[in-house]
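Topology and contacts: notes
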Amino acid sequence: MEEARRGDVGHESKNPYYEGRKYKEPTFCTSCGLVYREGRWINGEVPEDNLNEALCPACRRKRDKNPEGLVYLSGDYLREHKEEIIAIARNNEKQAKSTRPLQQIMWANCDSNTLEIATTNEHLARRIGKAIKRAHDGKLEIKSANNERLVRVYWAREE
Ligand SMILES: [Zn+2]
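Predicted model, so just to flag it, every value in this text is computed and none were measured. (Residues numbered from 1 in each chain as written. Predicted model: local features only at pLDDT ≥ 70, side-chain atom pairs only at ≥ 80, totals over all residues. Heavy atoms only, no water.)

**Comments concerning the domain arrangement of the protein**
Here is the rule we go by: Domain boundaries shown here were taken from an automatic or database domain assignment. Residue contacts are defined here by distance: any two heavy atoms, one from each residue, within 4.5 Å place the two residues in contact. By convention, the term buried area covers the 1.4 Å-probe accessible surface removed from two parts as they join, with the contributions of both added. Criterion for a salt bridge: a side-chain nitrogen of Lys or Arg within 4 Å of a carboxyl oxygen of Asp or Glu. We call two N or O atoms a polar contact when they sit within 3.5 Å, provided that within protein one can donate a hydrogen and the other can accept it, with sequence-adjacent residues counted only if both atoms are side-chain atoms. The way it works is that DSSP assigns letters per residue, a run of H or I at least four long becomes a helix, a run of E at least two long becomes a strand, and they are numbered from the N terminus. The classification used treats Ala, Val, Leu, Ile, Met, Phe, Trp, Tyr, Cys and Pro as nonpolar, Asp, Glu, Lys and Arg as charged, and all other residues, Gly among them, as polar.
What the domain assignment lists for the protein is domain 1 (1-64) and domain 2 (69-156). Listed as interface residues are 12 residues of domain 1 and, on the opposing side, 9 residues of domain 2. Buried surface at the junction of domain 1 and domain 2, both sides included, amounts to about 920 Å², of which 56% is carbon and sulfur. Considering only the surface of domain 1 that becomes buried against domain 2, Glu-19, Arg-61 and Lys-62 emerge as the three largest contributors, covering 50% of it. On the surface where domain 1 and domain 2 come into contact, there are 0 salt bridges. Where domain 1 touches domain 2, the interface holds 2 residue pairs in polar contact (both at pLDDT 80 or more). Every element with two or more residues in the side of domain 1 that touches domain 2 is listed here: strand S3 (40-42) and helix H1 (57-64). When residues of the side of domain 1 that touches domain 2 are assigned to their parent elements, the largest contribution, 4 residues, is made by H1. For the side of domain 1 that touches domain 2, the class distribution of residues is 6 nonpolar, 2 polar and 4 charged.

**Focus: the coordination of the zinc ion**
Put simply, the rule reads: Counted as coordinating are nitrogen, oxygen and sulfur atoms within 2.8 Å of the metal, or 3.2 Å for Na, K and Ca, while water is not included, which may make sites look incomplete. For a four-donor site, all angles between 85 and 135 degrees give tetrahedral; for four or six donors, opposite pairs above 155 degrees with the remaining angles between 65 and 115 give square planar or octahedral; all remaining cases count as irregular. Each residue's exposure class comes from its accessible area (1.4 Å probe, protein chains only) as a fraction of the maximum for that residue type: buried when under 20%, exposed when over 50%, partly exposed otherwise.
At 2.3 Å from the zinc ion lie its protein donor atoms, namely Cys-29 (SG), Cys-32 (SG), Cys-56 (SG) and Cys-59 (SG). Around the zinc ion, the 4 donor atoms sit at angles spanning 106 to 116°, and that spread fits a shape best called tetrahedral. In terms of primary sequence, the donors binding the zinc ion are separated according to C-x2-C-x23-C-x2-C. Of this pair, Cys-32 sits in the loop between strand S1 (27-29) and strand S2 (35-37) while Cys-59 sits in helix H1, and the two are 27 residues apart along the sequence. Of the residues examined, Cys-32 reaches a relative accessible area of 37% and is grouped as partly exposed. Assessed through its relative accessible area of 4%, Cys-59 is described here as buried.

Here it is in structure tokens:
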């Protein structure tokens, strides 16, 4: 599939997911339908005229399976409360998305011991970790490396 790049203007940022990158207005995300207007991606009507097409930064991350935030949840307590905890994550995504539609959950994968939630945005990962800690106590640790824009959030509660 050939990537639509007609909406790109200005210099190429080194980070292809850069949310502040400029596009021609209006540009339409061919994957999720967000529209770029007045310098940001919003939920809105798809313009009929002068339509440019691109993938928004969130959809680029989804396509590349390249999250900016990873939340790892573990511990015995998680097994009993998994549904509530996933609901907290989804709820925070919903709240974040209402004003910042690029902040999305990319996946929530569960193996026997760990639930991994990937987000398109580091702030959403931090927000989810803090909300779970607030509601369910446990231990929260947030780690970010200097040389990469990826935040890892660890939450655990044993009993
Ligand atoms: Zn999109």
